[in-house]
Amino acid sequence: MTFPFPVDASLSLIEPLLIVCGVGILLLLLDLVLPHGQKHLTAWVALGGLGWALIRTLAQWGLSERGYAGMVSLDNLSTLFNVVFLCSTAIVVLLSMAFLKREEVEHAEYHALLLFATSGMMMLASGLDLITLFLGIEVLSISLYILAGYRRNSDASNEAAMKYFLLGAFASGILLYGIALVYGATGTTSLHRIGEAIAGVGAPVPEGLIYAGMSLILVGLAFKVAAVPFHMWTPDVYQGAPTPITAFLSAGPKAAAFAAFLRVFFIAFGPAQAEWDMVLGVIAVLTMTVGNIAAIAQTNVKRMLAYSSIAHSGYVLIGLVSGGLVGGTGAVFYLMAYVAMNLGAFGIVVLLESKADRGEELKDYAGIGFKYPLIGALLSLFMLSLSGIPPTVGFVGKLYLFGTAVQTGHVWLAVFGVLNSAISVFYYLRLLVLMYMRESQETLPAIRIPLAMAVVLTVAAVGTLWPGLFPNTWFHAAQESVRSIFS
Amino acid sequence: MSTIAVPLAAYQILAGALFTIGVVGVLVRRSALIVFMSIELMLNAVNLSFVAFSRQHGSMDGHIFVFFVMAVAAAEVAIGLAILIAIFRKRETANVDDVHLLKG
C-alpha cells in the first residue's frame, strides 16, 4: 500500500501504529454512541484493534526500511518491541476488565488512553531521529499521567498523577535541553548523522557541548527507565496508580524507554562508548543495589514490586554497558522475560486486591497458598522467575546477561549482578513464606478467577516457563532485532 | 542608522540562564503551580537555544523541533492543570509538601 506523498512516506511503514492510533480515536467516538451499561464493550474493540495490529506487525518481521526523511525505521528491533508492546497492552486490557467494573470508572477513555500510550511506545521504538524519540516519549508520558490519576476520587491516585506529572515534565525538560545541545554540537537531529559527527566524519564537533548534551539526555532517559538516582517517582507512582496501570507502567513503557536507550546510545553515541560506559556501569550497579535493598523494607506489595522493577532496570543496564551485539541481545532478552513474569505477578495482585486498595499489604498474603492452591502456585512461579531461579525465563535471562558482562570484560558488573540477585531472593521468597507458612488472620473469601484473568495468567505462566526451558526462539528474536540496528 | 548584531553566544547564555532559573525553581518552590511554571520556563529556554543553534547551523531542524516542543508543552499544560485541579478539589492545597500520602 503506497500513497503518492511528496516525501518518502509509505504508510505501510507505520501501519501497526496507525491501526492502534485509529482504534483509539474510534473508541472515543464509540463512547458517544454506546448506551450506558454497554461501555464495557470498548474493551473488546480495543482488543480487536491490538490483535489486528499484532497480525500486521508479525507480517513485518524481517523487513528493513527507512522512511519519512530517515526519521522512522522499520527494522527487526522496532518489530520485536511492537510485538512486546501490543501483547503487554492486550494483557493489561484483559487485567482491567474486573477492575473497571469494580471501581465504577469510565471505560472508553481508559482503553483509548491505553492505545494512545501504546502508539507512543511504538513511535519510540521505531524512532531514528531525536524528534521522533521526543514525540514518542511525550505521547506515551502524557497518556500515562492521566492513567496514573485515573481514579479521580482516590487521594493516592491523584497524588501519584501529580508526582509523576511534575517529575516527568521536569525530566522531559532536561532531556530536551540535552537534545538541543547535541543538535548545537552536530547540526543534526538524526541519530545516524550524530553518530557520524561524533566518530569524526566531517567537521570536528565541540567536545564540551556534545558531552554536556549526552549527559542531559542520559539523565532524561534514566528517569524514564527509573534508574537510580532518578528513580524517586517510581515507588509513589506505582503504589498510587490503579493496579492494572501499575502493571502497564512496569511493562511496556519501561521496554519502550530501553528501546530508545538502545538506539540513542548504540547508534548516536556508539562511537563515544568509552566515555559513557563507566558512567552507565555505575548507574547500573546503584540501580540494582538501591532497588533491591529498598524492596526488603517494604510492606506494600505494589511498592515492593516497584523497587523490584527499579532493580530489574539495573540488570538490563548491564546489557547496555556490555555493548555491541551480545550486550544488546542480553538486554532485549531480559526485557522480554521481565515483561512476561512481571505482568504475571501483577495479574495476581490485581486478582487478590479488592475495592479501596484492600489486599495490597504483604500481610494480606498470609495463608493464601493453601486456600487458593492455583493462585499460590502461579505467584510462586512468578516470584521464582523474578528472583532468577531455574527453570524459569528469569534465570536464563540473568545467566546470559551476566555471561555477556564477563565476556566483554565487565566482571565487576557481573559480580554486583549476582550479589544483587542473592539479595532479591530474600524479599521474593518472603512472599512465598507468608503464603505457605502463616495462617491468615481473617477468613478468606472464595475467589472465582474470571475468564479474562485466566487467559492473562496462562499467557504469563507460559511466557515465564516455556522460554525458560527452550530459550532459543526468544533468543534468536532478540539477537536478530539488535543485529538490525547495526546494519 | 546601523544595527548592532547580537552575537549568537549571547542567545545561548540567556537560554542557559533561563534553564538554570527553571531548574532552581522546580527544586526550591513548594507550590505545584510555580513548579509547573518553572518547567515551562525550562522548555522555553530550550526553544530559544534551538532557534539560535538553528540560525548558527543554517538548518531548519531546530525550528521544526521548536514547533513540536510548543505543541507538546500545550498538551502538557492541559493535563497538568487538570491534575492540579483534581488535587485542589479534594485537599484544598496546591503545595507539594502537603501531598505526602505515599512514602517509604
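For the structure, see preceding data.
Residues numbered from 1 in each chain as written. Chains lettered and ligands numbered in written order. Predicted model: local features only at pLDDT ≥ 70, side-chain atom pairs only at ≥ 80, totals over all residues. Heavy atoms only, no water.

Q: Could you give me a rundown of the overall build of chain B, with the residues and numbers involved?
A: Looking only at helices and strands, one finds three helices and zero strands in chain B. Since a compact globule built from 104 residues should have a radius of gyration of about 13 Å, the 18 Å found for chain B marks it as more spread out than a globular shape. Projected onto its principal axes, the C-alpha coordinates of chain B cover approximately 60 × 35 × 25 Å. Expressed as a percentage of its 104 residues, the buried residues of chain B come to 40%. Taking as baseline every contact in chain B between residues at least 6 positions apart, the subset at least 24 positions apart corresponds to 54%. In the form shown here, chain B has an accessible surface area of approximately 5900 Å², with 69% of it arising from carbon and sulfur atoms. (Helix = DSSP H or I, 4+ residues; strand = E, 2+ residues; numbered from the N terminus. Rg over C-alpha atoms; globule rule 2.2 N^0.38 Å. Buried < 20%, exposed > 50% of the residue type's maximum accessible area, 1.4 Å probe, protein only. Contact = heavy atoms within 4.5 Å. Areas by Shrake-Rupley, 256 points an atom, 1.4 Å probe, with all protein chains shown as cover.)

Q: Please set out the environment of Tyr338 of chain A residue by residue, giving values where relevant.
A: Within the secondary structure, Tyr338 of chain A sits in helix H13 (residues 324-352). Residues Tyr338 of chain A and Gly463 of chain A lie 125 residues apart in sequence; the distance between their C-alpha atoms is 9.9 Å.

Q: Requested: an account of the interface of chain A and chain B, with residues and values cited.
A: Each partner contributes to the interface: chain A provides 44 residues, whereas chain B provides 43 residues. Buried surface at the junction of chain A and chain B, both sides included, amounts to about 3700 Å², of which 77% is carbon and sulfur. For the interface between chain A and chain B, the tally reads three salt bridges. Across the pair Lys90 of chain B and Asp155 of chain A runs a salt bridge, and its minimum N-O distance is 3.9 Å. Our enumeration of links across chain A and chain B arrives at eight residue pairs in polar contact (both at pLDDT 80 or more). Of all elements in the fold, only helix H5 (130-148), helix H6 (155-186), helix H9 (233-240) and helix H12 (301-322) of chain A reach the threshold of two or more residues within the side of chain A that touches chain B. Its residues assigned to classes, the side of chain A that touches chain B comprises 25 nonpolar, 12 polar and seven charged. (Buried area = accessible area lost by both parts, 1.4 Å probe. Salt bridge = Lys/Arg side-chain N within 4 Å of Asp/Glu carboxyl O. Polar contact = N/O pair within 3.5 Å; in protein donor to acceptor, adjacent residues only side chain to side chain. Nonpolar A, V, L, I, M, F, W, Y, C, P; charged D, E, K, R; others polar.)

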